[in-house]
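# Descriptive structure summary
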Amino acid sequence: MAKRELSKDEVRKMVKDENIRFLRVMFTDMLGTIKSVDLPVSQLDKLMDNKIMFDGSSIDGFVRIEESDMYLYPDMSTWLVFPWGAEHGKVARVICSVQTVDGEPFAGDPRNNLKRVLKDMQKMGFKDFNIGPEPEFFLFKTDEQGNPTQTVNDQENYFDMEPADRGEDCRRDIVLALEKMGFDVEAAHHEVAPGQHEVDFKYSDALEAADNIQTFKLIVKTIAKKYGLHAAFMPKPLSGINGSGMHLNMSLFTQNGDNAFFDPEDERQLSQTAYHFLGGLMKHARAYTAVCNPIVNSYKRLVPGFEAPVYVAWSTSNRSPLIRIPSDRGMGTRVELRSADPSANPYLAIAAVLEAGLDGLRNELPAIHEVDENIYQMTSKERVEKDVRNLPDTLHNALKSLAKDEVVKGSMGDHIYHSFMEAKTREYDAYRQHVSDWERQRYMEKY
């Protein structure tokens, strides 16, 4: 259920009662980078009247300079007060959608794009698409200038309890800050790799979940900085250890509020809706990988041996495939996509996987390739016999798959798709031209 949008009078009262002096007006560009404009509270009425303008030509994936004027339309259901900065008056945050000068939703705004896909879902008879994200991150020490080093803040392991003078205090303060801002934090723990952490917060509808992911990243980085640490959401910051994922737990709900993935009469207690949704996720997996794993470094994580998925398969009983069906049933029935990582633009990633699943429903696609055994231990011949495909192993190959997939392209819209492909092709070309230390060490003397 989406949060209620606050009225102008409610916002004005909160500003007065909580001594709010500044407004942080946020939106997200095509690459998933949070953008913001800081306003004095004297501009509150102008903001609420949708009169805050900015130059869209300066934002990645937006518009050309000759059509640059854009407006920020605040979504007052996203109004939050930051739990810091009270010495000069508090700071409130509100997330905006981007509109054209004609007052129309701008097609290049990822948030508007997700709203569009959600409307298509609702036309198919569903009310909500709930997302429970599991973002992971690393905490690195910083140098005397505050720049991140390659030294993690601890050497602990999965679920280990750290000494209080290391990451535990930082993680606890992250949780406290999130709770003060209205997050329902379900768990916070050390992850498998040294310096790696995970904070899980309760599921919410797709738009709010994407907003929450962006807010979460901002909170984590802000609190880490106060501890002299750098929080990195880079998928694979260090060689030889696990990378950071952002598993997406998803479920569809009917107009009556029932979980559309649950059927008590089925042997797995999954509905035909769940199976067809799975079928769509399986069919389009290689294409939406470009969106859910959008940077060169993403593919350093998607390799065998480090718990990240490599093969396109699903299972109710093991964690090696791309998609897992957790054991909860009833209202908790959900599908867990394990490939996504926290470098993804959450608005685009959620739109892509939703559109893939909806395509499965429209075309009644079968949920083939359930694999109960450990895929990593299969031979290549066994995988071929079971028709288990690989995920793309480079950004280049993922982009090629995306270019051939009209459904996932449709989840982005023409404007975002073409801007995304152009930006990511440039990124991969720059990577191909770079000669790394690894290459010099391996080849300089040998050849």
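Quantities reported herein were computed from a predicted structural model and do not represent experimental measurements. (Residues numbered from 1 in each chain as written. Predicted model: local features only at pLDDT ≥ 70, side-chain atom pairs only at ≥ 80, totals over all residues. Heavy atoms only, no water.)

### Here's the deal with the packing of aromatic side chains
Here the structure, examined in full by the defined rule, presents 13 aromatic pairs. Ring centres of Phe183 and Phe201 lie 5.2 Å apart, and the angle between their planes is 90°; this geometry places the pair in the edge-to-face category. Placement of the pair is Phe183 in the loop between α4 (164–180) and β8 (185–190) and Phe201 in strand β9 (residues 196–201), with a sequence separation of 18 residues. No difference in accessibility class separates Phe183 from Phe201, as the two residues are buried. Here Phe201 and Phe216 contribute two aromatic rings whose centre-to-centre distance is 5.3 Å and whose plane-to-plane angle is 45°, an arrangement assigned as tilted. Of the two residues, Phe201 sits in strand β9 while Phe216 sits in helix α5 (residues 206–226), which places them 15 residues apart along the sequence. Put simply, the rings of Phe137, Phe183, Phe201, Phe216 and Phe233 touch in pairs and so form one group of aromatic residues. (Phe/Tyr/Trp six-rings, centres within 6.5 Å; stacked < 30°, edge-to-face > 60°. Helix = DSSP H or I, 4+ residues; strand = E, 2+ residues; numbered from the N terminus. Buried < 20%, exposed > 50% of the residue type's maximum accessible area, 1.4 Å probe, protein only.)

### Description of the pairing of β9
Counting buried positions over the six residues of β9 gives six, a clear majority of the element. Neither face of β9 is open: one carries Gln196, Glu198 and Asp200, the other His197, Val199 and Phe201, and all of them are buried. Note that strand β6 (residues 126–142) and β9 share three bridges and pair antiparallel. Looking across to β9, one finds that Glu136 is bridged to Glu198. As judged from the five bridges shared by β8 and β9, these two strands associate in the antiparallel manner. Along β9, the bridge assignment pairs Ala187 with Asp200. The turn linking β8 back onto β9 is made up of five residues, and Gly195 within it adopts a positive phi angle of 75°. (Pairing = 2+ DSSP bridges.)

### Focus on the environment of Val310
Tracing the chain through its elements places Val310 in the loop between α8 (298–301) and β13 (311–312). Separated by 238 residues in the primary sequence, Val310 and Leu72 have C-alpha atoms spaced 40 Å apart.

### Quick notes on a nonpolar patch on the surface
On the surface, a cluster of nonpolar side chains totalling about 420 Å² of accessible area is made up of Trp438, Tyr443 and Tyr447. Overall, the relative accessible area of 49% leaves Trp438 in the partly exposed class. (Patch = residues over 30% accessible without salt bridge, like charges linked within 9 Å, V, L, I, M, F, W, Y side chains within 5 Å. Areas by Shrake-Rupley, 256 points an atom, 1.4 Å probe, with all protein chains shown as cover. Salt bridge = Lys/Arg side-chain N within 4 Å of Asp/Glu carboxyl O.)

### Remarks on unusual backbone geometry
A positive phi angle, near 60°, is found at Asn50, a position not held by glycine. Inspection of the secondary structure puts Asn50 in the loop between α2 (44–48) and β3 (52–55).

### Digging into the nonpolar core
Core analysis: the biggest nonpolar cluster contains 97 residues, and Phe129, Leu252, Tyr288 and Ile323 have the highest contact counts within it. In this structure, Tyr288 is in contact with Leu281, Leu322, Ile323, Leu337, Ala352, Val353, Ala356 and Val408, ignoring residues within four places of it in sequence. One finds Val15, Phe27, Trp79 and Val94 within the second-largest nonpolar core, a separate group that totals 23 residues. (Core = buried A, V, L, I, M, F, W, Y, C linked by side-chain atoms within 4.5 Å. Contact = heavy atoms within 4.5 Å.)

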